[in-house]
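A look at the structure
In case you want the letters, here they are:
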Amino acid sequence: MKSQDIRKAYLQFFESKGHLIVPSAPIVLKDDPTLMFNNSGMAQFKEYFLGNGTPKSKRIADTQKCLRVSGKHNDLEDVGFDTYHHTMFEMLGNWSFGDYFKKEALDWAWEFLTEVLKLDKDRLYVSVFEGNPAENVAFDQEAWDIWKQYVPEDRIILGNKKDNFWEMGDQGPCGPCSEIHIDLRTDAERAAVSGRSLVNADHPQVVEIWNNVFMEFNRKADGSLEKLPAQHVDTGMGFERLCMAMQNVTSNYDTDVFTPLIVKIEEITGLKYTSNEVKNISEEQNKTNIAIRVIVDHVRAVAFAIADGQLPSNTGAGYVIRRILRRAIRYGFTFLNTKEPFINKLVEVLANQMGEFFPEIKSQQQLVTNVIREEEASFLRTLDQGLQLLENVVAQNKGTEVPGAKAFELYDTFGFPKDLTALILKEKGMSFNESEFDASMQEQKNRSRAASEVSTEDWSVLIPGNVETFVGYDQTENEVKITRIRKVDSKKDGVLYQIVIDNTPFYPEGGGQVGDKGTLVSANETIDIIDTKKENNLILHFAKQLPENVNAAFVAKVNTDLRTSTSKNHSATHLMHLALRNILGTHVEQKGSLVNPNYLRFDFSHFSKVTDEELSQVEASVNAQIEAQLQLAEYRNIPIQEALAKGAMALFGEKYGDSVRMIEFGDSKELCGGIHVKNTADIWHFKIVSEGAVAAGIRRIEAITGDAVKDFFTQQENALATIKETLKNPQDTIKAVVSLQDENAKLKKQIEQLLKEKAKNLKGELASQLQEVNGVKFLATQVDLNPEGAKDLAYELGTLGTNLFLVLATADEDKPMLTCYISKELVAEKNLNAGTVVRELGKYIQGGGGGQPFFATAGGKNVDGIKEALEKAVDFIK
């Protein structure tokens, strides 16, 4: 049975049981501050488990893209070494929100596996929670009794809290679970050793395929449990593992989920992958297999993340994606001998394979390919730099063991992997101190963990029930009551309080727009609201202190100055999006945005730099829409299909409900939950201040509106006035500047000519100062030239022979510079390297540099160090 058919069979089965089939949420979570990525099937439904929202159906099923590479769920380092862990995986899930419970969930699980898929019942084991008297949670007798109908008691296993009590996190909904495991070993292996003893023992062929979680408790901040008001079912079945069971193989990578990608890698590299059925393979083949598994797994995670809007970067979720991709690149570099970008070529295979069910990977195929190709090229250059640095470390090291701190520095600064460092050192008969490396790594992790540590207390509920609503589209001031509060303590922000109110006018951060600021005012006090965010369908107002009387009546007041500036920038973003599509083409799609009171930032797909002429056209288009005084047309809570039929743009990577809000200014129509001006005339004016690249195929524009444009024009006027004054107030300022530039260019040419002549004159003078050291013509001296003149002089002296070793120092404008020239013949004969020379001597002038083996330069900050640097130069040829 093909993987596509298995997926369809699952969804059709639960649709027949009254479940609403919903699409997968994006793999990247944009509006959940507690998670970077969707790491489980239930993540998109958290608000329903917490009682903060109402699902559109009490029964839901789907297949969810998941990513587990950080935090509690981190499988990254296992990926590739075994046959069943993944970074990105699909989780087939069915949910009941206060509807059916254990009986239906377990009955249907057994029916689907044994009657629909016809898996061998004798290979299935089940587990139930053994209970935990310390927490007053009883043995799950109900689940035991249900399973007894289907499974002999010797194949029902009692599981402890670690294996059979599922928790969303340190706090929140949780409950006992019942897992289903399958034994895929041969009959002979099964006869020799019971599968029962291998359940939850990390055996690669005795694996969990389905987990049925019965959410009935809430874990409080103090660790205690309380009963939830309603009982829920949350199930998750590993799609890749299920495919392994259905396709009679013993590795996820031998299923048709991965084989098309593996075949493509074999085609690109000329290497072969051996299936899990092949035993007694060589160590070399095992390394090849691991590398290929790493790459086919990682390309899925990276490609889907990019398609959902997360670009690789140096921070947050973007850093995680970059790290996954770099792990794949260096496995290819080390074990598949791939020195050129190739992983991007797998995207087409992935799009053809999964595009039917996940259309985003097909529609974003070109963008994903471009971004991965650029990241590959960049990291391969970094690996080359790392190799050079490692060579330097080896050259400077005494003995055969390199300090672990040096190896960690390569890893931390250049992303140079630990195992690659070990491999290269091994080839040279060396190693590094692993315990020191691990200590440095742990120290960094501790610093990072301490910086991001957050302690969250339980909610103190003042008004029960879901009474919170958002009224900020119509009001910026409103009478409110506080419904719940909690304290949050973090290393980064210190102690803050999260306040929830019943009818809030405060807009919570989302859709690129920052959260509102303002105040809560009672008869006796004023509380500053410093930010507003949304979490699990609750709008959280952040404050540094709580009101003395939290039960008092308050007036919530949004800071309207900030709100107004933000709304101008948000509406201008929509107008600019339309202008970009009209001027550059309909391939332009939003890939990220930031809207705050000061400026707007807009990332979009485009294959080349936007020209100055095109930017002028975009500016003119937006300002024409502003001058047209287009009235806001707002459609609230309309069906998404109706909005799309009206021409609204839906953005990839965004999660939309059945009902949406559409914002329309003339031809600009977008699905958006943000705050906007009532009329485009309110924006006043629009000005682009910068345009540049973010990643391959992604450009970024920053722009300003309203008062910020007025300030910008004022600054320009002041700058022009200063220029005029400096030029003695000429009648034609531009003509005066051009004349000054021409004069400067002529003088520059004259100076260059004079310096060249000076260098030629110095040639004869310095030639007489050359000394012979160990058969090498040597000179280290300071010259009164600029760095360019020193270069010319070095090449002039280089014509004197084939055994010259020269170091020249300059201090032009008090900036020390060292220039090293070594005859190419000398480089080859004595294994000298000018780059190494200037890097070492550069330390004396508090700087560094590099270059080619025969010519290199180093700049620094300490002029006083020149004398010692020149004295030490001779050591390289002694």
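This text goes with the structure placed above it.
Overview of the structure. As the structure is a prediction and not an experimental result, all values here were calculated from the model.

Things to note about the nonpolar core
Membership of the largest hydrophobic core comes to 118 residues, with the highest contact counts inside it found for Phe-112, Leu-113, Trp-210, Leu-242 and Ile-343. Among the elements that make up this core, the one with the highest residue count is helix α9 (residues 283–307) (14 residues). Leaving out residues up to four positions away in the same chain, Phe-112 has contacts with Ala-9, Tyr-10, Phe-13, Leu-117, Trp-210, Met-237 and Leu-242. Membership of the second largest hydrophobic core comes to 41 residues, among which are Leu-755, Phe-778, Val-783 and Val-874.

Here's the deal with empty space enclosed by the protein
In this structure the tally under the stated criterion is two cavities of 30 Å³ or more. What the largest cavity holds in volume is close to 60 Å³. Forming the walls of the largest cavity are Gln-4, Arg-7, Lys-8, Gln-353, Met-354, Glu-356 and Phe-357. Ranked by residues supplied to the lining of the largest cavity, first place goes to helix α1 (residues 3–16) with three residues. Counted by class, the lining of the largest cavity contains two nonpolar, two polar and three charged residues. Taken as a whole, the second largest cavity holds about 50 Å³ of empty space. Lining the second largest cavity, in full, are Ser-3, Gln-4, Arg-7, Glu-90, Phe-239, Val-257, Gln-353 and Met-354. Of all the elements in the fold, those that place two or more residues in the lining of the second largest cavity are α1 and α11 (346–354).

A closer look at the sheet that holds strand β21 (residues 518–521)
Read across the sheet, four strands follow the order β17-β25-β21-β22 without closing on themselves; strand pairing throughout is antiparallel. Only two strands of the sheet have a single neighbouring strand rather than two, namely β17 (477–480) and β22 (526–529). Ignoring which end each strand starts from, the neighbouring axes of this sheet average 20 degrees apart. Here β21 runs beside strand β25 (residues 554–558); their pairing, made up of four bridges, is antiparallel. Considered in β25, the bridge of Leu-520 is made with Ala-556.

Quick word on the packing of aromatic side chains
Summed over the entire model, instances satisfying the criterion amount to 36 aromatic pairs. On the basis of an interplanar angle of 50 degrees and a centroid distance of 4.9 Å, the ring pair of Tyr-10 and Phe-14 is categorised as tilted. Of this pair, Tyr-10 and Phe-14 both sit in helix α1, four residues apart, which is roughly one turn of the helix. Overall, the relative accessible area of 0% leaves Tyr-10 in the buried class. Taking the centre distance of 5.4 Å and the plane angle of 50 degrees together, the rings of Phe-129 and Phe-165 count as tilted. With a gap of 36 residues between them, Phe-129 in strand β6 (residues 124–129) and Phe-165 in strand β8 (residues 165–167) connect regions that are remote in the sequence. Residue classification places Phe-129 among the buried positions, given a relative accessible area of 1%. For Phe-165, a relative accessible area of 6% corresponds to the buried category. Through a chain of ring-to-ring contacts, three or more aromatic side chains come together here, namely Tyr-10, Phe-13, Phe-14, Tyr-100, Trp-108, Phe-112 and Trp-210. Sitting over the ring of Tyr-125, Arg-155 keeps its end group 6.0 Å from the ring centre.

So, how was this worked out
Residues numbered from 1 in each chain as written. Predicted model: local features only at pLDDT ≥ 70, side-chain atom pairs only at ≥ 80, totals over all residues. Heavy atoms only, no water. Core = buried A, V, L, I, M, F, W, Y, C linked by side-chain atoms within 4.5 Å. Buried < 20%, exposed > 50% of the residue type's maximum accessible area, 1.4 Å probe, protein only. Helix = DSSP H or I, 4+ residues; strand = E, 2+ residues; numbered from the N terminus. Contact = heavy atoms within 4.5 Å. 1 Å grid on protein atoms, 1.4 Å probe; cavity = no way out; pocket = protein on both sides within 12 Å on 5 of 7 lines; lining within 4 Å. Points joined across faces, edges and corners; volume = space filled by probe spheres on them. Nonpolar A, V, L, I, M, F, W, Y, C, P; charged D, E, K, R; others polar. Pairing = 2+ DSSP bridges. Axes fitted to C-alpha atoms, helices over the stretch in contact; angles between N-to-C directions. Phe/Tyr/Trp six-rings, centres within 6.5 Å; stacked < 30°, edge-to-face > 60°. Lys NZ or Arg CZ within 6 Å of the ring centre and 35° of its normal.

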